[in-house]
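# Structural description and commentary
The residues making up each chain are set out below.
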Amino acid sequence: MSTPGQSDMGREKARSGALAFKSFAALLGVVILIFSLLYVWYQLRFLVRSQILQYSDLIALVGAFASLLSGVALTVLLPESMRLKSWSPIRKIVPKKVYGFGTVLAIGIGATMGSPLFILIPLNVVQYSVLSTLSLFFAGMLTFLVAKLYSDMNEIATKSGKNPIGGPSFVSIAVGSRSVRYFLTRVSNWLANITLAAYSALLFILFDLEVLPKIMTNAGFTLFESQSTVYAVDALFAVWFLLNTVFERRFLRLIGYVQIFLTLAMILIIAYQSYLFGSTSSWDLSGFLSPYLSDLSSWPVALLVNTAYLFLLFFGFQEIQSLYNDSVEESSVPILSNLKKGYKINKISYFRATMLWSVIIALIINIFYAISIYSLHPDLATLSSSAIPGIYLAGKYLGSTQQLITASVFLIATFTTFVPTFMAASRHLSSLAEDGYMPHSLGRLSWLFTLVSIAVLAVGGQDFLVNITDFMMLISLGLIALAAVWMRKGRTLPLDRLDLLPFLTWLFCFIAAGAIYIIQPSTVIFGVTSLIIVYLVYDLVELGVLGVQMMIAVFDTISILAVTSLVRTGGISVLKIPFASLTINNANTLMIYCLTVSAVLLSLNILIDVKILGRTRI
Amino acid sequence: MAVMQSSEDPSEKIANQILLDIKAFMIIQESEVKAKHTIQRLILEAHDEYVNRFLRLAGGEKKSSKTSHIIVAVGELILSSFLILGGLVLLAPFIANLSTPSQLYGYLSQVLLYLTSNGPLFPYARIIGFSLAALLLVSAMYTLRMASSSIKEAGLLVHSGAE
């Protein structure tokens with residue numbers, strides 16, 4: 001018979017053995033991870049270069065991804081079983097209530113009116129004239145409906161003691177943070193924000209490297225002066241970025257004041273230049289209606305498609321919701337409070353007003369700008385070939401000084417778009433960590449993941465980025481609109497009278513998202529595939545740590561069966577390891593070994609966790 | 001008299017209190033989804049032996065064993081792995097923009113070719129196929145057993161004598 005001391009010793013020995021096994025598995029996991037990453041990289045490069053999809057290559061890629069997942073799962077075995085506390089709640093940021101009506105409105109308009117308007121509006125209105133203007137109107141109206149639902153939900157949530165920060169938080173309040181609807185909303189909003197940030201970054205690079213030096217030279221500046229200005233612009237961008245991302249809490253008030261100044265300057269200059277454009281051409285709107293009068297049947301579909309395309313120009317208003325914690329409980333209203341002394345409105349009311357007004361102001365300016373550009377009747381081909389059409393038009397019709405002013409407005413628009421979207425994207429990821437979908441240690445690196453994702457997506461090209469941003473944001477906002485129904489009664493059906501507005505908004509958003517298929521089918525396929533993968537990731541997270549390991553082990557086994565058919569006939573067979581001058585022959589065979597070893601090790605780990613470490617209730 | 005006795009019984013007193021608490025809990029709920037979420041988090045997933053015993057008793061029906069749950073889970077994981085693989089194979093041509101019928105035909109005929117090809121595991125195809133099929137069948141049986149308990153829980157049973 002063993003004494004308690006002996007059994008304790010035996011348990012300790014078993015525990016040490018288990019940890020030794022996990023260490024060994026983690027080490028092997030790193031090797032498998034590196035090999036799989038190399039394999040995936042070579043296979044993807046091969047597929048992109050060959051432009052031909054072979055079944056064998058696809059299966060090899062699936063096998064490599066299975067091996068990659070196994071490598072990750074094995075690598076985190078040890079830290080996962082030793083650092084359970086990393087999933088505990090993280091320290092919340094202490095709110096600093098400094099923003100009032102004016103700042104919130106300025107941030108809302110600044111985030112809504114971004115640099116894309118200098119590209120999308122000129123090209124779209126010259127190509128589609130009245131249809132483009134109507135599309136702007138409908139996109140603005142759809143956003144207005146969403147903004148109204150935001151403010152309604154904000155009121156309900158605040159009155160019931162909840163703290164709604166950002167649009168997806170409404171879905172979380174309505175259906176819980178562990179719901180797939182919330183997860184889909186959050187991730188699609190994150191994707192839309194990173195694609196918009198990538199688009200803004202792409203435009204900034206284009207402006208910085210190509211457009212600005214040319215404008216400076218045309219305006220008579222020397223090479224040295226134009227180079228210095230480019231560097232100064234880069235430095236300014238870096239300072240503004242750091243101020244917002246790293247020192248945001250410390251300089252919250254200053255950021256607010258700068259934002260008011262920049263937004264006001266931007267609105268006034270765009271409005272003034274639109275007036276100048278119109279005056280130059282004496283508001284010549286000839287042919288504005290005629291291209292579409294002959295064929296009225298094509299209007300509805302064209303209008304729908306174009307509305308979806310231009311939706312990107314409006315949805316920035318939702319940035320306002322993320323300022324909720326940093327805003328004062330009561331605020332004075334510029335002009336109104338001057339006329340009526342002591343006039344103040346509460347937070348719910350001024351959040352409602354700022355959301356709705358930021359959409360309306362953006363809509364008015366966008367339409368005014370579009371019509372004024374149309375009145376110039378510029379050549380579409382020349383416009384398409386220019387890097388940033390808005391700046392090109394200012395140079396051609398208003399002269400080099402106005403072109404320089406437009407360039408500075410473009411910069412302001414970039415500053416007020418890229419930084420908020422980048423921060424919103426980072427916030428979405430860290431919220432997912434707070435909700436327990438990923439470890440907090442990864443959540444703290446959300447800015448890095450976002451930055452890397454932006455860099456990867458920027459390769460996609462302008463059209464792809466615009467369309468995917470629209471698609472993802474329409475899906476996300478559609479779900480947020482439905483949250484108004486879920487918040488009230490916990491389910492969607494049966495619908496009643498009060499559900500009409502959220503239901504119709506959801507319907508319009510989803511129909512508009514589907515309409516993007518007509519412009520670029522691959523974007524919608526990519527978007528839907530991303531949503532399916534997001535759903536899959538959600539299900540994997542819901543399986544729990546051991547469940548995921550079981551799933552990977554099973555998937556490895558199934559992948560082995562699929563990959564074995566490729567050994568003789570396809571896939572990448574030779575891998576070159578960079579920096580080490582090593583070559584791996586028979587990479588497919590090695591992948592099968594990796595998959596087999598991973599499946600065995602993960603299954604053993606489950607047994608050890610259950611039987612030796614007693615981490616479950618079995 | 002019986003009422004008097006029961007009201008003095010401490011078990012019944014507590015049970016009555018639980019009943020009142022349940023009612024109060026449901027009254028203050030804003031949405032059923034949130035209520036379900038709270039119950040799941042704080043009660044159903046509570047790592048407390050007494051709570052689990054209470055839930056077993058309250059549930060009435062005998063729950064399936066842990067082994068059967070694990071077998072069902074493994075079977076479903078196999079099934080979902082097949083579905084993921086099949087889904088990816090069918091999705092790939094659309095991602096890769098194979099849009100013409102001849103391109104799609106070429107791709108799908110490759111799939112058929114590989115499915116009937118002579119890979120290195122071909123000698124073991126019989127035993128591998130049999131093992132997977134047996135696992136899926138056993139899992140299906142346990143899944144059916146769970147379905148039967150779900151049907152009972154849903155009240156989808158015809159009582160004897162009922163018209």
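Residues numbered from 1 in each chain as written. Chains lettered and ligands numbered in written order. Predicted model: local features only at pLDDT ≥ 70, side-chain atom pairs only at ≥ 80, totals over all residues.

A word on the overall build of chain A. Counting its regular elements, chain A contains 23 helices and four strands. Oriented by its inertia axes, the alpha-carbon framework of chain A measures out at about 100 × 60 × 55 Å. (Helix = DSSP H or I, 4+ residues; strand = E, 2+ residues; numbered from the N terminus.)

Glancing now at the overall build of chain B. Along chain B, the regular secondary structure elements total seven helices and zero strands. Listing each helix as α and each strand as β along chain B from the N terminus yields α-α-α-α-α-α-α. For chain B, buried positions account for 6% of its 163 residues. A separation threshold of at least 6 residues defines the contact pool for chain B, and within that pool the share at least 24 residues apart is 69%. (Buried ≥ 20, exposed ≤ 12 C-beta atoms within 10 Å, placed from the backbone. Contact = placed C-beta atoms within 7 Å.)

Turning our eyes to something else, we now look at the nonpolar core. All names here are of chain A. Counting 129 residues, the largest nonpolar core has Phe 311, Leu 474 and Ala 483 as the members making the most contacts within it. Per element, the largest residue contribution to this core is 19 residues, and it comes from helix H7 (residues 180–218). Residue contacts for Leu 474: discarding those within four places in its chain leaves Ala 308, Phe 311, Cys 509, Ala 512 and Ala 513. Membership of the second largest hydrophobic core comes to 39 residues, among which are Ile 558, Ala 562, Ile 592 and Leu 602. (Core = buried A, V, L, I, M, F, W, Y, C linked by C-beta atoms within 7 Å.)

We now examine the environment of A:Val574. All names here are of chain A. Tracing the chain through its elements places Val 574 in the loop between helix H22 (544–563) and strand E3 (575–577). The spacing of Val 574 and Leu 53 is 521 residues in sequence and 19 Å in space, taken between C-alpha atoms. Apart from residues no more than four positions distant in its own chain, Val 574 is found in contact with Thr 583, Ile 584, Asn 585 and Ala 587.

What follows concerns the packing of helix H9 (residues 252–280) of chain A against helix H16 (residues 400–434) of chain A. Residues and elements named next belong to chain A. H16 packs onto H9 with a crossing angle of 140° between their chain directions and a minimal axis gap of 10 Å. Between H9 and H16, the crossing angle belongs to the class labelled oblique. In the crossing of H9 with H16, the sense of the turn from one axis to the other is left-handed. Counted together, Leu 262, Thr 263, Ala 265, Met 266, Ile 269, Ile 270 and Gln 273 of H9 and Gln 402, Ile 405, Thr 406, Val 409, Ile 412, Ala 413, Phe 415 and Thr 416 of H16 form the full contact between these two elements. Across the contact of H9 with H16, the residue classes tally to ten nonpolar, five polar and no charged. (Axes fitted to C-alpha atoms, helices over the stretch in contact; angles between N-to-C directions. Parallel < 35°, antiparallel > 145°, perpendicular 65-115°, else oblique. Left-handed = near helix turned anticlockwise from the far one by under 90°. Nonpolar A, V, L, I, M, F, W, Y, C, P; charged D, E, K, R; others polar.)

An α-helical turn contains 3.6 residues, so any two residues separated by three or four positions project in the same direction. Residues and elements named next belong to chain A. Between its first and last C-alpha atoms helix H19 (residues 462–489) spans 41 Å; for 28 residues at 1.5 Å apiece the expected length is 40 Å, and the two agree. Within H19, the axis deviates most sharply at Leu 482, by approximately 25°. Counting buried residues along H19, 23 of its 28 residues qualify, which places the element largely inside the surrounding structure. Looking at the residues trailing H19, positive phi occurs at Gly 490, about 80°. (Expected span 1.5 Å × (residues − 1). Bend = angle between axes of the 7 residues up to and from the residue.)

Moving on, we come to the interface of chain B and chain A. Residue-level contacts link 31 residues of chain B with 29 residues of chain A. Elements with a minimum of two residues in the side of chain B that touches chain A: helix H3 (32–44), helix H5 (66–95) and helix H6 (101–115) of chain B. Taken together, the residues of the side of chain B that touches chain A break down into 20 nonpolar, seven polar and four charged.

Residues and elements named next belong to chain A. Look at the link from Leu 493 to Pro 494: it is a cis peptide, with omega at -5°. Structurally, the position occupied by Pro 494 is in the loop between H19 and helix H20 (500–519). Notably, Ile 335 is not glycine yet its phi reads approximately 70°, a positive angle. Within the secondary structure layout, Ile 335 lies in the loop between strand E1 (330–332) and helix H12 (336–339). Unusually for a residue other than glycine, His 377 sits at a positive phi of about 50°. Tracing the backbone shows His 377 in the loop between helix H13 (347–376) and helix H14 (380–385).

Our focus in this paragraph is the environment of A:Gly544. All names here are of chain A. Looking at where Gly 544 falls in the secondary structure, it is placed in helix H22. Among the residues examined, Gly 544 registers 11 C-beta atoms within 10 Å and is labelled exposed. When the C-alpha positions of Gly 544 and Ser 441 are compared, they lie 18 Å apart, and in sequence the two are 103 residues distant.

This paragraph deals with the packing of H22(A) against H5(B). At their nearest, the axes of H22(A) and H5(B) sit 9 Å apart, and the two run at 50° to each other. The pairing of H22(A) with H5(B) is recorded here as oblique in orientation. Regarding H22(A) and H5(B), the two cross each other, and that crossing is right-handed. Along its contact with H22(A), which presents A:Met550, A:Met551, A:Val554, A:Phe555, A:Ile558 and A:Ala562, the element H5(B) presents B:Leu77, B:Ile78, B:Ser81, B:Phe82 and B:Leu85.

Residues and elements named next belong to chain A. Counting through the fold element by element, Asn 588 comes out in helix H23 (residues 587–612). Note on Asn 588: 22 C-beta atoms within 10 Å, which makes it buried. Between the alpha carbons of Asn 588 and Tyr 39 there is a distance of 9.2 Å; along the sequence they are 549 residues apart.

Residues and elements named next belong to chain A. Overall, the prediction assigns chain A a mean pLDDT of 87, with 94% of residues at 70 or greater. Averaged pLDDT values for the elements of chain A fall to 68 in helix H10 (residues 290–293) and rise to 95 in H13. Segment residues 84–89 is flagged for pLDDT under 50; beyond a separation of four residues in sequence, or across chains, it makes six contacts in the model. (pLDDT = per-residue confidence, 0-100.)

Any region with low pLDDT has predicted coordinates that should not be read closely. Residues and elements named next belong to chain B. Residues of chain B with pLDDT of at least 70 account for 79%, and the chain-wide mean is 76. Mean pLDDT across the elements of chain B ranges from a minimum in helix H1 (residues 2–8), with 50, to a maximum in helix H2 (residues 10–27), with 87. Our summary of model confidence lists the complex with pTM equal to 0.79 and ipTM equal to 0.75.

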